[in-house]
Amino acid sequence: MRVPLADLRAQYTELKAEIDSGIAAVLESGNYIDGENVTRLENLVAELCGASYGIGVASGTDALVLSLVACGVKAGDEVITTPFTFGATTEAIALVGARAVYVDIDICTYNLDIARIESAVTDRTTAILPVDLFGQMADRTVLHEVALRHNLRVIADSAQAIGAKQLGRPVAADADATTLSFYPTKNLGACGDAGMVLTHDEELAARVRSLHAHGQSSYGYFERLGYCSRLDTLQAVILLAKLPQLEKWNLARRAHAALYNELLADCAIGLPGEEANNFHIYHQYTIRYADRDGLRNHLKSKGIDSKVFYPHAMHLQPAYAYLGYHQGDFPAAERAAREVLSIPIVPELTIEQIEYTAAQIRAYVGT
Ligand SMILES: *Cc1c(COP(=O)(O)O)cnc(C)c1O
């Protein structure tokens, strides 16, 4: 049996009529940048994520950079973040000239170990940048308490967590700025690059809107140094066609995760931890096993795709060697990088594929 990690054509096929007619309408209209489709998407996504404002931008990475700039994070500032994430998180901090200060993760959820944040605060810290990794929100309660005590901005990287909740509150309910990515493999994926910044703060929203269009505050008036970072109208209509399906797709991922949890309950691997207050949307279903590469090869030989998110912790990457961290500084993140394996969890999976995958994991692990 073949079990692919993702089948990006499946969602297109499911929604082909709507996507094709949406694209044709944009092509016929002659309006390819901004316009009512982008505005509609911004409003719908902001509402879904519990924010007052949404600003479409060119990618999730740009959403981070523009949020940092709009929050006033500048050269020489320190930003507390996680060493176990996709490279864009640290990259955005570095691109604005600030310094990433890492705090180790919780090995069960792979998110920032919130209890360690406060001891990393210095008089140069201006922001905390948590990542809602694999679809589960990092703990917001303590994080916001620390931010309030030290007057720090919170920018949440929710690229992997659109639709997730904590204590019933969606991703953008509390942070100063929250960023999304619509990279094709994300839970809500475009057919190209796109992203969004979400916020409650009217002034911050205006700054991001200005930054995403060359720093203009009105047409032809360049108030600040900006970026060229728009969300294409074509991507907006594709995302508008997919958005009504997102809840169904996220629930399918959760059902698949529950089935994996049941089938692998007493197997000698680490299962993804879902915290009691969290509504995890399983962007990835990530297991942990000491002989991870052996397990991965076994699954491959049985037709099952898997991938390592992420093979190297950020503090050990050549690009960020200048930060001065060393092997051993963040043991949980380093252990995760050695042991994690993400197995197929996309909505289109069948029960048979999940049962087969679980059986092959058990066959290799030997329980
Ligand atoms: C995908 C992703 C990004 C970057 O998004 P792009 O749209 O690819 O620029 C940033 N952070 C995390 C955690 C991601 O998963």
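Look a little higher up for the structure.
All values reported here derive from a predicted model rather than from experimental measurement. (Residues numbered from 1 in each chain as written. Predicted model: local features only at pLDDT ≥ 70, side-chain atom pairs only at ≥ 80, totals over all residues. Heavy atoms only, no water.)

Participant: Teacher, can you tell me more about the pattern of salt bridges here?
Facilitator: Two side chains of opposite charge can pair, provided their charged atoms sit close to one another. Counted under the stated rule, the structure contains 17 salt bridges. When the shortest N-O distance is used, the salt bridge between glutamate 42 and arginine 209 registers 3.0 Å. Pair noted here: glutamate 42 is in helix α3 (residues 36-48) and arginine 209 is in helix α7 (residues 202-211), with a separation of 167 residues, a long-range link. For glutamate 42, a relative accessible area of 4% gives the class buried. (Salt bridge = Lys/Arg side-chain N within 4 Å of Asp/Glu carboxyl O. Helix = DSSP H or I, 4+ residues; strand = E, 2+ residues; numbered from the N terminus. Buried < 20%, exposed > 50% of the residue type's maximum accessible area, 1.4 Å probe, protein only.)

Participant: Before we go on, may I ask you to explain the site of the ligand in this structure?
Facilitator: Every one of the 14 residues lining the ligand counts as a neighbour, but Gly60, Thr61, Asp157, Ser181 and Lys186 are closest to it. In the model, an oxygen atom of the ligand is placed 2.8 Å from a nitrogen or oxygen of the glycine 60 main chain. Contact with the protein chains covers 93% of the free accessible surface of the ligand, which is 380 Å². When residues of the shell around the ligand are traced back to their parent elements, those giving at least two are α4 (60-70) and α5 (88-95). Here the shell around the ligand is composed, by residue class, of five nonpolar, seven polar and two charged. (Near = heavy atom within 4 Å. Polar contact = N/O pair within 3.5 Å; in protein donor to acceptor, adjacent residues only side chain to side chain. Areas by Shrake-Rupley, 256 points an atom, 1.4 Å probe, with all protein chains shown as cover. Nonpolar A, V, L, I, M, F, W, Y, C, P; charged D, E, K, R; others polar.)

Participant: I would appreciate a short explanation of the sheet that holds strand β7 (residues 169-170) in the present structure.
Facilitator: The strands making up a sheet associate through hydrogen bonds between their backbones, and the pairing can be parallel or antiparallel. Across the sheet, which stays open at both edges, the three strands sit in the order β7-β6-β12 with antiparallel pairing between neighbours. At either margin of the open sheet sits one strand with a lone partner, and together these are β7 and β12 (278-279). Of the strand pairs in this sheet, strand β6 (residues 165-166) and β12 are connected by two bridges, and their pairing is antiparallel. Across the sheet, the residue bridging to glutamine 166 is asparagine 278, located in β12. (Pairing = 2+ DSSP bridges.)

Participant: What is the right way to read the nonpolar core from this model?
Facilitator: Within soluble globular proteins, side chains that are nonpolar generally end up buried alongside one another. Core analysis: the largest hydrophobic core is formed by 69 residues, its most contacted members being Leu68, Phe84, Tyr285 and Ile361. Take this core: its biggest share by element is six residues, from α4. When residues of this core are assigned to domains, at least three fall in each of domain 1 (8-243) and domain 2 (244-365). Look past the residues within four positions of tyrosine 285 in its chain and what remains in contact with it is Ala257, Tyr260, Asn261, Leu264, Leu271, Pro272, Leu341, Ser342, Ile343 and Ile345. (Core = buried A, V, L, I, M, F, W, Y, C linked by side-chain atoms within 4.5 Å. Domains from an automatic or database assignment. Contact = heavy atoms within 4.5 Å.)

Participant: For this particular structure, what's the right way to read the packing of aromatic side chains?
Facilitator: How two aromatic rings sit relative to each other is given by the distance of their centres and the angle of their planes. Inspection of the entire model under this criterion finds 13 aromatic pairs. Here the aromatic rings of tyrosine 320 and tyrosine 322 are separated by 6.4 Å at their centres, their planes lie at 55°, and the arrangement is tilted. Feature note: the residues Phe84, Phe86, Tyr110, Phe134, Phe309 and Tyr310 constitute an aromatic cluster, connected by ring pairs. In this arrangement the basic side chain of arginine 254 is found over the ring face of phenylalanine 279, its NZ or CZ atom lying 4.2 Å from the centre. (Phe/Tyr/Trp six-rings, centres within 6.5 Å; stacked < 30°, edge-to-face > 60°. Lys NZ or Arg CZ within 6 Å of the ring centre and 35° of its normal.)

Participant: Whenever I open this one, unusual backbone geometry confuses me. Can you help?
Facilitator: With glycine set apart, most residues show a phi of negative sign, and most peptide bonds adopt trans. Following phenylalanine 309, the chain continues to tyrosine 310 via a peptide bond in cis, the omega torsion being 15°. Within the secondary structure, tyrosine 310 sits in the loop between α10 (292-301) and α11 (331-339). With phi around 55°, asparagine 151 is a residue other than glycine that occupies positive phi space. Position of asparagine 151 among the secondary structure elements: in the loop between α6 (140-149) and β5 (153-157). A relative accessible area of 70% means that asparagine 151 is categorised as exposed. Even without a glycine there, the phi angle at tyrosine 282 is positive, about 45°. Positionally, tyrosine 282 belongs in the loop between β12 and β13 (285-288).

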